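So the chains spell out like this:
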Number of protein chains: 2
Amino acid sequence: MTKADITAQIKCKRTFLCVGLDTVIEKIPVHLQKEKDAVFQFNKQIVDATAKYCVAYKPNTAFYESEGLEGWKNLEKTINYIKTNYPQHLVIADAKRGDIGNTSKRYAKAFFEKLNADAITVAPYMGFDSVEPFLGFDNKWVILLGLTSNSGSEDFQQLNLKTGHSLFETVVQKATTWAASDQLMFVTGATKPDMIRKIRAIAPDYFFLVPGVGAQGGDLDAVAKAGLNKEIGLLVNASRSILYASSGEDFATAAAEEALRLQKQMEMLLAKHQLI
Amino acid sequence: MTKADITAQIKCKRTFLCVGLDTVIEKIPVHLQKEKDAVFQFNKQIVDATAKYCVAYKPNTAFYESEGLEGWKNLEKTINYIKTNYPQHLVIADAKRGDIGNTSKRYAKAFFEKLNADAITVAPYMGFDSVEPFLGFDNKWVILLGLTSNSGSEDFQQLNLKTGHSLFETVVQKATTWAASDQLMFVTGATKPDMIRKIRAIAPDYFFLVPGVGAQGGDLDAVAKAGLNKEIGLLVNASRSILYASSGEDFATAAAEEALRLQKQMEMLLAKHQLI
């Protein structure tokens, strides 16, 4: 999927919502838990209910790996279901991988070829040769961690370097020399709009994947103000607030309502910033 | 496995070798490739051939994930085989995971409970709350990336902070306040002995996992000189040089010979440093 495709989808559907599929078996409604592939059955209904209101899905691999083989099967089935039924949605494997070159190459194979995801989140600590192998695929995306939404982002990301710039600014700046905005995006946590503004100044043309709206408390208006660019440039993720909007049999309807609520808010913001 | 257990094993077997199980299907001898679980069959023979000469095994998850479901099965079977037949060997899942708290908790479940690994490598970029969930398990280890062996370690890890210290020194120093040396180790690349010396000064009592000897060109003598402490404090990993010592039917014998060669070298170093 190209950058123009993503922007076109956002404008057409008037939403830059990404739905995070961080599905936890214990939180699935009881009536579904008996199914052998309960997590997939749940995801399928969530996807069908929310597809109209979002442009991307983001399964986080931790929630599948923690269920062992069964979990990996559910991840495969979920991605396959989305790619087959909703081919215009971007599928982001939120995997936060990164290793030496010959190893990152294997991760790229795992996520881009075996699982057929469109994008993968990558951790920057190991530098260029740990990121490069993910960049060799047509129409596939690397989403590099810039500034994350958690409190631990203060431990290293926000430290100042000798140059006067913070580590996260340096990561983003250096990475813009590794790949253009048609292959690379950045994770920029919703809980820190002031810093999103700084990252936007460094990377004006790049898309940002913004987690932390919803359960983590990020403010969508502030994120939009700080992060929107002329091609939209934002994918804002919500996971728990949508997946677990209801714990009853009406979970899919409740998820759709929450996704619709966010879509409406995003439509308003796109209009306000004269992007639609 | 406790720190005292690891030191005792090293002294008893006169080796601080860790064998990296980065098994690539295409590199497995042809006669094994027909087997359905070829990677596991290969690993099993490698483990049986090298167990005497090492104290730890380190499967890197990328090499299993890249083969999809079959790969994940081979990873499960490999760890299970080692834990059942060689319970005194440390099993390190080289996974380089790390995410926000509720997600890292799932990775901890995946690797410590589902896969039953003894240790997991963790990336530090997301800070304390991304590491903490891995620390809540008895006799399980977190091995945090300090300084990696690849060229990309120059991109961020070796940058100087405003404080005058480099990022990798700061990561190690801060992490020593998160957990003691009976729960936490550090990855310190073999290709940079001078920097291993710096890390040893910051973390005198911690074990270091040292990749990069062998195919990556690190010098074992220099690593030992820079990194050994009174409890040994080193696990040195070799992967490709052992796994692919021969591409023929004699691969297990050749792997044993290479592991024995490293064990002999380590025995000499332990004696030289008066540790045995």
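Here the structure is shown first, and the text comes after it.
Draft legend 1. Up close: the packing of helix H10 (residues 220-227) of chain A against helix H12 (residues 251-272) of chain A. Residue and element names in this part refer to chain A. Their axes nearest at 11 Å, the elements H10 and H12 cross at an angle of 40°. Regarding H10 and H12, the two cross each other, and that crossing is right-handed. Only Leu262, Gln265, Met266 and Leu269 of H12 make contact with H10, whose side of the interface consists of Leu220, Asp221 and Ala224. Considering only residue class, the contact of H10 with H12 consists of five nonpolar, one polar and one charged.

Draft legend 2. Looking closely at helix H5 (residues 68-85) of chain B. For H5 of chain B, built from 18 residues, the straight-helix expectation of 26 Å at 1.5 Å per residue is met to within 8% by its first-to-last C-alpha distance of 26 Å. Here H5 of chain B has its buried residues at Gly68, Leu69, Gly71, Trp72, Asn74, Leu75, Thr78, Ile79, Tyr81 and Ile82 of chain B.

Draft legend 3. Structural context of the state of the cysteines. Residues and elements named next belong to chain B. Enumeration according to the criterion identifies zero disulfides over all chains in this entry. Cysteine Cys18 shares no disulfide, and the gap to the nearest cysteine sulfur, in Cys54, comes to 7.4 Å. Among the residues examined, Cys54 registers a relative accessible area of 0% and is labelled buried.

Draft legend 4. Inspection of the layout of surface pockets at higher detail. Roughly 210 Å³ of internal volume is contained in the largest pocket. Lining the largest pocket we find 13 residues, and of these Val24 and Phe63 of chain A together with Asn102, Lys105 and Arg106 of chain B sit closest to its centre. Considering each element in turn, the lining of the largest pocket owes the most residues, five residues, to helix H6 (residues 101-114) of chain B. Considered class by class, the residues forming the lining of the largest pocket number five nonpolar, one polar and seven charged. Empty space within the second largest pocket amounts to approximately 170 Å³. The element best represented in the lining of the second largest pocket is helix H8 (residues 167-176) of chain B, accounting for four residues. Grouping the amino acids of the lining of the second largest pocket by side-chain chemistry returns three nonpolar, five polar and two charged.

Draft legend 5. Region of interest: the sheet that holds strand S3 (residues 90-97) of chain A. All names here are of chain A. Spatially, eight strands are ordered S1-S2-S3-S4-S5-S6-S7-S8 in a closed barrel, and the strand pairing comes out parallel. Adjacent strand axes in the sheet meet at a mean angle of 30° when their direction is disregarded. Two strands pair when backbone bridges link them, and S3 and strand S4 (residues 119-122) are joined in this way by three bridges, in the parallel orientation. Across the sheet, the residue bridging to Arg97 is Val122, located in S4. Strands S3, S4 and strand S5 (141-147) of the sheet are contacted by helix H6 (residues 101-114), whose axis makes an angle of about 155° with S3.

Draft legend 6. Summary view of the sheet that holds strand S7 (residues 207-210) of chain B. Residue and element names in this part refer to chain B. In spatial order, the strands read S1-S2-S3-S4-S5-S6-S7-S8; together these eight strands close into a barrel with parallel pairing. The mean angle between the axes of side-by-side strands here comes to 30°, regardless of whether they run parallel or antiparallel. Here strand S2 (residues 56-59) runs beside strand S3 (residues 90-97); their pairing, made up of two bridges, is parallel. In the strand pairing of S3, Tyr57 is matched with Val91. Against the sheet, H6 makes contact with S3, strand S4 (119-122) and strand S5 (141-147), and its axis sits at roughly 155° relative to S3, the strand it touches most.

Draft legend 7. Highlighting the packing of aromatic side chains. Per the stated rule, a full pass over the model turns up 19 aromatic pairs over all chains. When the centroid spacing of 5.5 Å and the interplanar angle of 50° are considered together, the rings of Phe186 of chain B and Tyr206 of chain B count as tilted. Of the two residues, Phe186 of chain B is situated in strand S6 (residues 184-188) and Tyr206 of chain B in the loop between helix H9 (193-202) and S7; the sequence distance between them amounts to 20 residues. Tyr206 of chain B matches Phe186 of chain B in its accessibility class, with the two residues each being buried. The ring of Phe208 of chain A is capped by Arg200 of chain A, whose NZ or CZ atom sits 3.8 Å from the centre of that ring.

About the criteria used
Residues numbered from 1 in each chain as written. Chains lettered and ligands numbered in written order. Predicted model: local features only at pLDDT ≥ 70, side-chain atom pairs only at ≥ 80, totals over all residues. Heavy atoms only, no water. Axes fitted to C-alpha atoms, helices over the stretch in contact; angles between N-to-C directions. Helix = DSSP H or I, 4+ residues; strand = E, 2+ residues; numbered from the N terminus. Left-handed = near helix turned anticlockwise from the far one by under 90°. Contact = heavy atoms within 4.5 Å. Nonpolar A, V, L, I, M, F, W, Y, C, P; charged D, E, K, R; others polar. Expected span 1.5 Å × (residues − 1). Buried < 20%, exposed > 50% of the residue type's maximum accessible area, 1.4 Å probe, protein only. Disulfide = S-S within 2.5 Å. 1 Å grid on protein atoms, 1.4 Å probe; cavity = no way out; pocket = protein on both sides within 12 Å on 5 of 7 lines; lining within 4 Å. Points joined across faces, edges and corners; volume = space filled by probe spheres on them. Pairing = 2+ DSSP bridges. Phe/Tyr/Trp six-rings, centres within 6.5 Å; stacked < 30°, edge-to-face > 60°. Lys NZ or Arg CZ within 6 Å of the ring centre and 35° of its normal.

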